[in-house]
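So the chains spell out like this:
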Amino acid sequence: MNEYLRDVYVVDAVRTPIGRYGGALSSVRPDDLAAGVLRGLLDRSPALDPGLIGDVLFGNSNGAGEENRDVARMAVLLAGLPVTVPGATVNRLCGSGMEAVIQAARAVALGDASIAVAGGVESMSRAPWVLPKPERAFPAGNQQLYSTTLGWRMINPRMPEEWTIPLGESAELIADKYGITREAQDAFALASHRKASQAWQDGAYDAEVVPVDGVDLPRDEGIRDDTSLDALARLKPVFREGGTVTAGNASPLNDGAAALLLADEAGLAEIGREPLARIRAGAVTGIEPQYFGLGPVEAIRKALTKAGRDFGDLHTVELNEAYAAQALGCLAALPDLDSGLLNTRGGAIALGHPLGASGARIAGAVAHQLAEAGSGTGLAALCIGVGQGLALVLER
């Protein structure tokens, strides 16, 4: 660590249970989801004066609906924090929650804040349709509505066509590139569900999941305890005739929120708690948009180099599972990464992928796993639509 930079600690991390599209959390506004997880986080540190929080940063991928007026600031106000606590919302699509963590950690490291909160939120259920303004006044024809739930809309005609293909077709390209079969993808998806189900049964998520007020959702809603290879094999390809990517080996559409409490040494004294882990390094990289799913590969290498660590130093790894083909492609491109460390408590295929929250969720998951182990080095990474990758290294 640079002598002029402060060490940054993850004091605590929480998340909501993740809801299915149109499911248990679909009646909850995204600003209320964000406020609830912020309140849940701070209630666990009663010695902390909320007025000492230097900033609150939340990631959000959509921003077109009820979260449109800077959801981080709205969460501060709705959660009952002092009006003097500021808030900013950041957008790096699927990496938005982790981007918030990295930016908040940077502020703490530089001394701009001693205590900060970082997180993310998404309600894909409540994402609105949008109607663009017409090119000229009083158009006589029909106008097109666009869904803001996921993916490209209102595409700039100057953008090369191969960059704007559906996300699932990008996963098909990765499957082609590495020879990843439908059977391998289905097996990966089944393992995700089984690991997630077992983790909940074992109480592995008890330390990080906080309830949503007024909602009866005891665990992540998308986990399928009863799925099987036969059931997954019966699903039809979604994006390509004769393809390999199905609804069963891809992450679903989801609602949820997550938040982390960050502090330097002085902040730790104010909070009065032992931290879960320390943030060591982060990295972001770009890649061809049609291969966005491989974005984490170089980000992981870069983050490990910045942290002065190697693959052999890792004890736990959370790689967001946008698609089974995408996660398997990253593993194929990173032969030194021990796949046995990956998503040991299930991944986004089972748990869900509320876009703006997922980066904060997996960063918090790594922090909790390191605290449970007592020591070690952990890695969290995501692919990002339009061709980026983001990675974070934590230590205890």
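Here the residue index of a chain counts from 1 through its sequence in written order. Reporting of local features is limited, given that this is a predicted model, to residues whose pLDDT is at least 70; pairs of side-chain atoms are given and counted only at 80 or more, and all residues count toward the totals for whole chains, interfaces and linings. With hydrogens and water stripped out, all remaining heavy atoms of the structure feed into the side-chain values.

S.K.: Sorry, what's going on with the overall build of the protein chain here?
M.R.: From N to C terminus, the protein chain includes eleven helices and twelve strands. Radius of gyration means the value over C-alpha atoms here, while the globule rule gives 2.2 Å times the residue count to the 0.38 power. Expected size for 396 residues packed as a compact globule is a radius of gyration near 21 Å; at 20 Å, the protein chain falls within 12% of this value. Expressed as lengths along the three principal axes of its C-alpha atoms, the size of the protein chain is roughly 60 × 60 × 40 Å. Taking all 396 residues of the protein chain together, 57% fall into the buried category. Intrachain contacts of the protein chain at a sequence separation of at least 6 include 79% that bridge at least 24 residues. For the protein chain, the computed accessible surface area is about 16,500 Å², with 50% contributed by carbon and sulfur atoms. The positive charge centre, built from 34 side chains, and the negative charge centre, built from 48, are 3 Å apart in the protein chain. Put simply, DSSP H or I for four residues or longer makes a helix, DSSP E for two residues or longer makes a strand, and each gets a number counted from the N terminus. Under the scheme applied here, a residue whose accessible area is under 20% of the maximum for its type counts as buried, over 50% as exposed, and between as partly exposed, the area being computed with a 1.4 Å probe on protein chains only. By the convention used here, residues are in contact when the closest approach between their heavy atoms is within 4.5 Å. Areas reported here follow the Shrake-Rupley algorithm with a probe of radius 1.4 Å; residue values treat only the protein chains shown as occluding. Asp and Glu count as negative and Lys and Arg as positive, but His and the ends of the chain are not part of the count. Just so you know, the charge point we use is NZ for Lys, CZ for Arg, CG for Asp and CD for Glu.

S.K.: Sorry if this is basic, but what is going on with the UniProt feature "domain: Thiolase N-terminal" (unreviewed entry) in the protein chain here?
M.R.: UniProt positions are given in the numbering used here, feature names are shortened, and annotations may be inferred rather than shown by experiment. As recorded in UniProt, the sites labelled "domain: Thiolase N-terminal" (unreviewed entry) are residues 8-265. Within residues 8-265, the helical portion is 29% and the strand portion 16%, while the C-alpha atoms at the span's ends are 8 Å from each other.

S.K.: Before we go on, may I ask you to explain the UniProt feature "domain: Thiolase C-terminal" (unreviewed entry) in the protein chain in this structure?
M.R.: UniProt annotation of "domain: Thiolase C-terminal" (unreviewed entry) refers to residues 274-396 when read in the numbering used here. For residues 274-396, helix accounts for 37% and strand for 26%, while the C-alpha atoms at its two ends are 11 Å apart.

S.K.: Looking at this structure, how should I read the pairing of strand β5 (residues 115-123)?
M.R.: It is a general feature of regular strands that their side chains alternate between the two faces of the sheet. Where burial is concerned, most of β5 is hidden: nine out of the nine residues are buried. Because side chains alternate across β5, one face comprises the buried residues I115, V117, G119, V121 and S123, and the other comprises A116, A118, G120 and E122, equally buried. Relative to β5, strand β3 (residues 55-59) is paired through five bridges, and the arrangement is parallel. Bridging from a neighbouring strand, V56 pairs with V117 of β5. When DSSP finds two or more bridges between two strands, those strands count as paired.

S.K.: How do you make sense of the nonpolar core when you look at a structure like this?
M.R.: The definition of a nonpolar core used throughout is a set of buried Ala, Val, Leu, Ile, Met, Phe, Trp, Tyr and Cys residues joined through side-chain atoms within 4.5 Å. Ranked by size, the top nonpolar core spans 44 residues in total, and within it I300, L314 and Y323 carry the most contacts. Put simply, the parts of the chain that give this core at least two residues each are α4 (167-178), α5 (182-201), β9 (277-286), α8 (295-307), β10 (314-319), α9 (324-333), β11 (377-384) and β12 (388-395). Counting residues per element, this core draws most heavily on α9, which supplies seven residues. Ranked by size, the runner-up nonpolar core spans 37 residues in total, among them L38, V85, V210 and L261.

S.K.: For this particular structure, what's the right way to read the side chain of E318?
M.R.: Along the chain, E318 turns up in strand β10. This buried residue, E318, is left without a salt bridge; R361 holds the nearest opposite charge, at 4.2 Å. Here a polar contact means two N or O atoms within 3.5 Å. Within protein one must be a hydrogen donor candidate and the other an acceptor candidate, and residues neighboring in sequence count only if both atoms are side-chain atoms. A polar side-chain atom of E318 sits 3.0 Å from a polar atom in the side chain of Q369. Setting aside chain neighbours within four positions, we find E318 in contact with N343, G346, R361, I362, A365, V366, Q369, L379, A380 and A381. The salt bridge definition used is simple: a Lys or Arg side-chain nitrogen within 4 Å of an Asp or Glu carboxyl oxygen.

S.K.: How should a nonpolar patch on the surface be read in this particular structure?
M.R.: Taken together, the side chains of W129, L131 and L145 present a nonpolar region at the surface, about 390 Å² in accessible area. Examined against the element boundaries, W129 turns out to sit in strand β6 (residues 129-130). W129 gets classed as exposed once you look at its relative accessible area, which sits at 64%. Patch definition: residues above 30% relative accessible area lacking any salt bridge, with like charges linked at up to 9 Å and the nonpolar side chains Val, Leu, Ile, Met, Phe, Trp and Tyr linked at up to 5 Å.

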